[in-house]
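Chain by chain, the residues:
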Amino acid sequence: MHGKRSAPDFLLIIITFSLLAIGLVMVYSASAVWADYKFHDSFFFAKRQLLFAAVGIIAMFFFMNIDYWTWRTWAKVLLIICFILLVLVLIPGVGVVRNGSRSWIGIGAFSIQPSEFMKMAMISFLAKFLSENQKKIPSFKKGLLPSLTLVFVAFAMIMLQPDLGTGTVMVGTCIVMIFVAGARISHFVGLAFVGIAGFVGLVLSAPYRIKRITSFLNPWEDPLGSGFQMIQSLYAIGPGGLFGLGLGQSRQKFFYLPEPQTDFIFAILAEELGFIGGSLVLLLFSLLLWRGVRIALGAPDLYGSFLAVGIIAMIAIQVMINIGVVTGLMPVTGITLPFLSYGGSSLTLMLMAIGVLLNISRYARY
Amino acid sequence: MRVSYVTVRKRLTLVLLIGFFIFAIIDVRLGYVQFALGEMLTERAKDLWSRNIPFEPERGEILDRNGVPLATNVSAPSVLVVPRQIENPAETAEKLANILNMPVEKVYKHLTKKTSIERIHPEGRKISHEKAKEIRALGLKGVYIAEDSKRYYPFGSYLSHVLGFAGIDNQGLMGLELYYDKELSGQKGSVQFYSDAKGKRMPDMADAYTSPVDGLNLKLTIDTRVQTILERELDIAETTYRPDGMIAIAMNPNNGEILGMASRPTFDPADFQNVPPEVFNRNLPIWSTYEPGSTFKIITLAAALEEKKVDLLRDHFYDSGHVHVAGATLHCWKRGGHGSQSFLEVVQNSCNPGFVELGERLGKEKLFEYIKAFGFGEKTGIDLQGEGKGILFPLHRVGPVEQATTAFGQGVAVTPIQQVAAVAAAVNGGFLYTPYIAKEWLDPVTGEVVRRQTPQVKRRVISEETSKQIRYALESVVAQGTGKGAFVDGYRVGGKTGTAQKAKDGQYLKNNHIVSFIGFAPADAPQLVVYVAVDNPKGTVQFGGVVAAPIVGNIMEDSLRALGVKPRKEQMEKETTWLDPRLVKIPNLIGLTKKDLQQQLFNLKLDVSGEGDVVIEQAPEPGVKVKEGATIRIYLGTKR
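Residues numbered from 1 in each chain as written. Chains lettered and ligands numbered in written order. Predicted model: local features only at pLDDT ≥ 70, side-chain atom pairs only at ≥ 80, totals over all residues. Heavy atoms only, no water.

- Naming follows an unreviewed UniProt entry, where chain B appears as Stage V sporulation protein D (Sporulation-specific penicillin-binding protein) of Thermolongibacillus altinsuensis.
- Listed under Subcellular location (unreviewed entry) in UniProt, the entry text for chain B is "Membrane".
- The record in UniProt for chain B states the following under Sequence similarities (unreviewed entry): "Belongs to the transpeptidase family." (UniProt positions renumbered as here; feature names shortened; annotations may be inferred.)

- Looking up chain A in an unreviewed UniProt entry gives the name Spore cortex peptidoglycan biosynthesis regulator SpoVE, with the organism given as Thermolongibacillus altinsuensis.

See the structure below:
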């Protein structure tokens, strides 16, 4: 069943490294002022990001060499572990609150976000489930309902933290996977209505989410409150123009845009490198998407195909939401930009995911 | 149905295409934000990044028509503190509070405020130089004395209602200071620098300096020589009559320039906080609205003459002392009436039934047409704040009684400035001017005239012929009628008295009148219109001819002389009664010795000064007419 391993997708590695390099430069540029102010070391964040990248790259090459069927074997165990972690993170004292969400389990400096791992575990498990029950997928009762139930239980647990961003990415990814697996279009249309209704209900249940929604429609309504980040982000992007202010020339990073190296790093990138720079990053992500889908198309079995599309869908959806937020297309959700945003958890996880994708590519035949 | 690989492949391709499509949408949005919204966002972002340090412009000065400063600026130090530099806030606060006469806690609050620069408002602003010196001497860290400027009114309570005043930020609050605040205040300048969100200067962004533009200097139509005379006469009248209020206006009838405007009670603009607001809020000459009384008869007269309803010399009228109009009896002010008179005498005597007759001859439509044409019932449009409109009967409600009372000045309410403008039109050949007070705007640096207000004729109301007859009739009022108190030898004063009962809650008050006089001179070619009204004078008969006319006479005499108007040789001589002091021509005493003086027979007192035996100077000059018993000053010296 195991075919012969060949070379991994070289172009995918190039694209990943390009994004990683741009990310490192931008993390330094965006964080230097803040880092100097807070830690008297303008390289504070850049150095750490470099470390995370190194760890991530090692992880990437490590996972590149672990056959992806391993994940199918361990899928159930991993999923259960992740569910346990999702319960643990809700316990005060175990889970750490950051920015209003209890999303972290802290072991000193090495704190992790269980929801991030849940995404991966869910992709792996769902790929297994869908590939093994592929004939049942068109059936609503036997195929669609069980998989969706599982996804929404996980989503509900993530929303208890709450972490709308990660939850949305996970649900989106799973829907893409189920769609690719062959679920009926008519089921999706029906579910879309249910989903929209559910989303609206979710938004209405927590007032801060309403504020996020309205502030995205007109951030100037509450410029110092809910619209603040949006406005600061637009103030960065707007003046950038075609070529940008030049690398390192951002003004919004001077304490105007809070923590510019994390979720809103794309705003600083668009400010310094302009429309050209922003479009280049979008192009790289498009290429990444293309390579990912290509691997899914060439995967030797359905499991590999679903796993690959899950990984690439997760990355692409996260990019879409992040840049959509930064450019004011979507309400603020608090989600990182893969490979570019500062943050160890996010970066190493993304590189691990690429590693898995690369492993699939080694068995792919196009 | 079995899902085949084909479906998976199709759907994967679809996912790829949808993904590309969404990335494309995001890229379009990025372009939209950067290109379509870019300019707006950049503008707003620049506002966010920039910090302005304001540079205050100098407020424009206010000058009289000859350049005498009426409102200027003086330097006034202000205390600035930089909280971060203060070493011991408690001790500093105590020391400052001591000098500034304010609670220590309040100073402490200023000193510990989280800001880069703090002003101690208002106690520490525009303080005296002595206090500033004391604070400097303390040598407190983080406490600075900054130069600031303060409005200064060199004449004190003088022309106050017209000038108004400016507040602590040099902003106009009242009067001309408010009306022309925009022109006077100029434009703020600033140094603009870009800073980060913590207030630090942002690297690599150039500062922009915008220099302040000083306010324009305002030259008024006011002549301080005339204004000083008005203020003086009102001061004298105030001590004599202790009235409830007083008004004086002097205007050039040939262009509407206000030469002087004063009222009582008054106030010092520098001290307006200690004056009741109704005192500084109401500029009585343009605000107060009351029954004019007989001065309004000028309008009835003008209308009747222009409409050729009366011949002053040939037409006669019999006044029995009252007249019946539609069942009501209207009395003449003189009990028993004036008997048979020509209409010129009707004017001279201010005979009410005579004017009722003129009103009847005109009819209500014509009468009110002229009243409106002369500008009553609407604002004159003078460039001052708070002008009143007056009240006229609506035409449909004017019955015979209203027509009759209006004809002699009752049942209408007008403002003083309306009367001045209307009478000016009656005597200047019929031109109704818009009164104005701002004459020229001067560049504060070059002194060049930037803008000049030209006289504005609203309309022509009557002909020159009618105007001439009015001048004649009103000169005779002063020379021979009720206005004798305003007579000035050689200056041919014409005018009309007015005595109006004050009304409160629809009832006329007893022994409480506004007595007034409106005069102009010289009657052959009027140069000056002066209106004086005294509200409820005490210790006197409340008649305009007794109280107000002499004040106008004094103002006329001194003002015309100050304005350089030559006395006339021809004039309507004053008709004297035994009550009037006789006038004596001053003889020439120059060259006479002491001995000669003793032999001279005249009814005048001498005020002698100087050493010597021979008169070398005398005042007034020979030929001038003075009252019997007046004093001549002579100066003795040695014969050359």
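So that's the structure; there's more coming.
1. Quick notes on the overall build of chain A
Move 1: When you go through chain A residue by residue, the secondary structure sums to 12 helices and two strands.
Move 2: Ordered by position from N to C terminus, the α and β elements of chain A give α-α-α-β-β-α-α-α-α-α-α-α-α-α.
Move 3: Looking at the 366 residues of chain A, the share that counts as buried comes to 58%.
Move 4: Here the analysis covers contacts within chain A between residues at least 6 apart in sequence; of these, 72% occur between residues at least 24 apart. (Helix = DSSP H or I, 4+ residues; strand = E, 2+ residues; numbered from the N terminus. Buried < 20%, exposed > 50% of the residue type's maximum accessible area, 1.4 Å probe, protein only. Contact = heavy atoms within 4.5 Å.)

2. Considerations on the sheet that holds strand 21 (residues 494-504) of chain B
All names here are of chain B.
Move 1: If you walk across this open sheet you meet the five strands as 12-11-23-22-21, and the pairing is antiparallel. With partners counted over all chains shown, the strands left at the sheet margins are strand 12 (258-264) and strand 21, one partner each. Neighbour-to-neighbour, the strand axes of the sheet open up by a mean angle of 10°, direction not taken into account.
Move 2: In this structure, strand 11 (residues 245-251) lies alongside strand 12, joined through six bridges in antiparallel fashion. Across the sheet, the residue bridging to Ala250 is Gly260, located in strand 12. (Pairing = 2+ DSSP bridges. Axes fitted to C-alpha atoms, helices over the stretch in contact; angles between N-to-C directions.)

3. Some remarks on the side chain of Gln232 of chain A
Move 1: Relative to the helices and strands, Gln232 of chain A is located in helix 9 (residues 228-240).
Move 2: Within polar-contact distance, the side chain of Gln232 of chain A engages the side chain of Gln252 of chain A at 2.7 Å.
Move 3: Every residue in contact with Gln232 of chain A, bar those within four places of it in the chain, is listed here: Gln252, Tyr256 and Leu257 of chain A together with Leu48 of chain B. (Polar contact = N/O pair within 3.5 Å; in protein donor to acceptor, adjacent residues only side chain to side chain.)

4. Observations regarding the pattern of salt bridges
Residue and element names in this part refer to chain B.
Move 1: Counting across every chain of the model gives 35 salt bridges over all chains.
Move 2: Between Glu91 and Lys95 there is a salt bridge, with the nearest N and O atoms lying 3.2 Å from each other. One end of the pair, Glu91, and the other, Lys95, are both in helix 3 (residues 89-100), four residues apart, so they sit about a helical turn from each other.
Move 3: Note that Arg451 is salt-bridged to Glu183, the shortest N-O span being 3.5 Å. Taken as a pair, Arg451 in strand 19 (residues 449-452) and Glu183 in helix 8 (residues 181-185) lie far apart in primary sequence, 268 residues in all.
Move 4: Look at Arg451 and you get partly exposed, because its relative accessible area is 42%.
Move 5: By relative accessible area, which is 23% here, Glu183 ends up partly exposed.
Move 6: Residues joined in a network through salt bridges with shared partners are Arg59, Arg151, Glu177 and Asp181. (Salt bridge = Lys/Arg side-chain N within 4 Å of Asp/Glu carboxyl O.)

5. A look at helix 18 (residues 544-562) of chain B
Residue and element names in this part refer to chain B.
Move 1: In this model, helix 18 (19 residues) spans 25 Å end to end at C-alpha, consistent with the 27 Å of a helix rising 1.5 Å per residue.
Move 2: Three or more residues of helix 18 are buried, namely Gly544, Gly545, Val547, Ala548, Ala549, Ile551, Val552, Gly553, Ile555, Met556, Ser559 and Leu560.
Move 3: Considering only its buried residues, helix 18 is in contact with helix 9 (224-241), strand 21, strand 22 (507-521) and strand 23 (528-535). (Expected span 1.5 Å × (residues − 1).)

6. Notes on the UniProt feature "transmembrane region" (unreviewed entry) in chain B
Move 1: Per the UniProt record, the feature "transmembrane region" (unreviewed entry) sits at residues 12-32 of chain B.
Move 2: Within the segment residues 12-32 of chain B, helix and strand shares are 100% and 0% respectively, and the terminal C-alpha atoms sit 30 Å apart.

7. Regarding the interface of chain B and chain A
Put simply, an interface is often sized by how much accessible area is lost when its parts join up.
Move 1: Contact with chain B, which involves 41 residues of that partner, is made by 53 residues of chain A.
Move 2: With both chains or domains summed, chain B and chain A bury close to 4400 Å², and 75% of this area falls on carbon and sulfur atoms.
Move 3: Linking chain B to chain A there are zero salt bridges.
Move 4: The interface formed by chain B and chain A holds eight residue pairs in polar contact (both at pLDDT 80 or more) in total.
Move 5: Within the residue set of the side of chain B that touches chain A, elements represented by two or more residues are helix 1 (5-36) and helix 2 (38-49) of chain B.
Move 6: Take the side of chain B that touches chain A: its biggest share by element is 21 residues, from helix 1 of chain B. (Buried area = accessible area lost by both parts, 1.4 Å probe.)

8. Some remarks on the side chain of Gln113 of chain A
Move 1: By the element assignment, Gln113 of chain A lies in the loop between strand 2 (101-105) and helix 4 (114-132).
Move 2: Ignoring any residue separated from it by four or fewer positions in sequence, one finds Gln113 of chain A in contact with Ser103, Trp104, Asp163 and Ser345 of chain A.

9. Looking at the sheet that holds strand 26 (residues 614-619) of chain B
All names here are of chain B.
Move 1: Read from one edge to the other, the open sheet built from three strands follows the order 25-28-26, with strand pairing classed as mixed. Single-partner strands in this sheet number two, and they are strand 25 (605-609) and strand 26. When strand polarity is set aside, the average angle formed by the axes of neighbouring strands in this sheet is 35°.

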